[in-house]
Amino acid sequence: MFEPSSISHRAITSLLSAAVIGLASFAGVPALAAANQAHLDRWVLKAMQQGQSINVILIAQGDLNLVQSDLRRTGIKDTTRVPIAHGVAASLTAPEINYFKSDANVARIIYNAP
């Protein structure tokens, strides 16, 4: 025969483990949403607040040609490849940086010091 206390203990244990598994799956959702966001250098963030064009290097996630073609597609023609950094240098405005930080081909946007 089953004892009532052992049945309730099993039910509580299974409910708790299901809740933990459920919460663990929700914890990964924000990380997946932020996975397509490029990291912005703190100097880029400071310059964006001033509203000027900013000399930056867009570090490629994969193929460098994809980043350069994305820049040209949006009308930015004056670009320079920086192979040692696996990136493309360009002068961008704050709205353009906000656009490219969500580009899947861009891993990071760093300040290009003169």
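Look a little higher up for the structure.
Residues numbered from 1 in each chain as written. Predicted model: local features only at pLDDT ≥ 70, side-chain atom pairs only at ≥ 80, totals over all residues. Heavy atoms only, no water.

Visitor: Got a sec to walk through the overall build of the chain? Specific residues and values, please.
Guide: The secondary structure content of the chain amounts to five helices and five strands. Written out in order from the N terminus, the α and β elements of the chain read α-α-β-α-β-α-β-β-α-β. Across the 114 residues of the chain, 27% fall into the buried class. Sequence separation of 24 or more characterises 70% of the internal contacts of the chain that already satisfy a separation of 6 or more. When the accessible surface of the chain is summed, it comes to about 7,700 Å², and 62% of that surface belongs to carbon and sulfur atoms. (Helix = DSSP H or I, 4+ residues; strand = E, 2+ residues; numbered from the N terminus. Buried < 20%, exposed > 50% of the residue type's maximum accessible area, 1.4 Å probe, protein only. Contact = heavy atoms within 4.5 Å. Areas by Shrake-Rupley, 256 points an atom, 1.4 Å probe, with all protein chains shown as cover.)

Visitor: Help me get a handle on unusual backbone geometry, residues and values and all.
Guide: Leave glycine aside and you will find that most residues have negative phi; peptide bonds, for their part, are mostly trans. A positive phi angle, near 55 degrees, is found at His86, a position not held by glycine. If you trace the backbone, His86 turns up in the loop between strand S3 (80-82) and strand S4 (87-92). Residue class for His86 comes out partly exposed when judged on its relative accessible area of 32%.

Visitor: Give me the lowdown on the pattern of salt bridges, citing residues and values where you can.
Guide: As enumerated under the stated definition, the model contains one salt bridge in all. A salt bridge links Arg73 to Asp70, with the nearest nitrogen and oxygen atoms 2.7 Å apart. Here Arg73 and its partner Asp70 are both found in helix H4 (residues 64-73), three residues apart, which amounts to about one turn of the helix. Relative accessible area serves as the criterion here: at 10%, Asp70 is assigned to the buried category. (Salt bridge = Lys/Arg side-chain N within 4 Å of Asp/Glu carboxyl O.)

Visitor: Residue-level account of the sheet that holds strand S1 (residues 39-40), with values.
Guide: Across the sheet, which stays open at both edges, the five strands sit in the order S1-S5-S2-S4-S3 with mixed pairing between neighbours. The sheet terminates laterally at S1 and S3, the two strands that pair on one side only. Running at roughly 145 degrees to S4, helix H5 (residues 94-101) makes contact with S1, strand S2 (54-60), S4 and strand S5 (106-111) of the sheet. (Pairing = 2+ DSSP bridges. Axes fitted to C-alpha atoms, helices over the stretch in contact; angles between N-to-C directions.)

Visitor: Could you give an account of H5, with specific residues and numbers?
Guide: Looking only at H5, the buried set comprises Ala94, Ile97 and Phe100. Projection of H5 onto a plane perpendicular to its axis shows the buried side chains occupying an angular sector of 125 degrees, all on one side. Every exposed residue of H5 that faces more than 90 degrees away from the buried side is listed here: Pro95 and Tyr99. On its buried face, H5 is in contact with S1, helix H3 (42-50), S2, H4, S4 and S5. (Arc of directions from axis to C-beta.)

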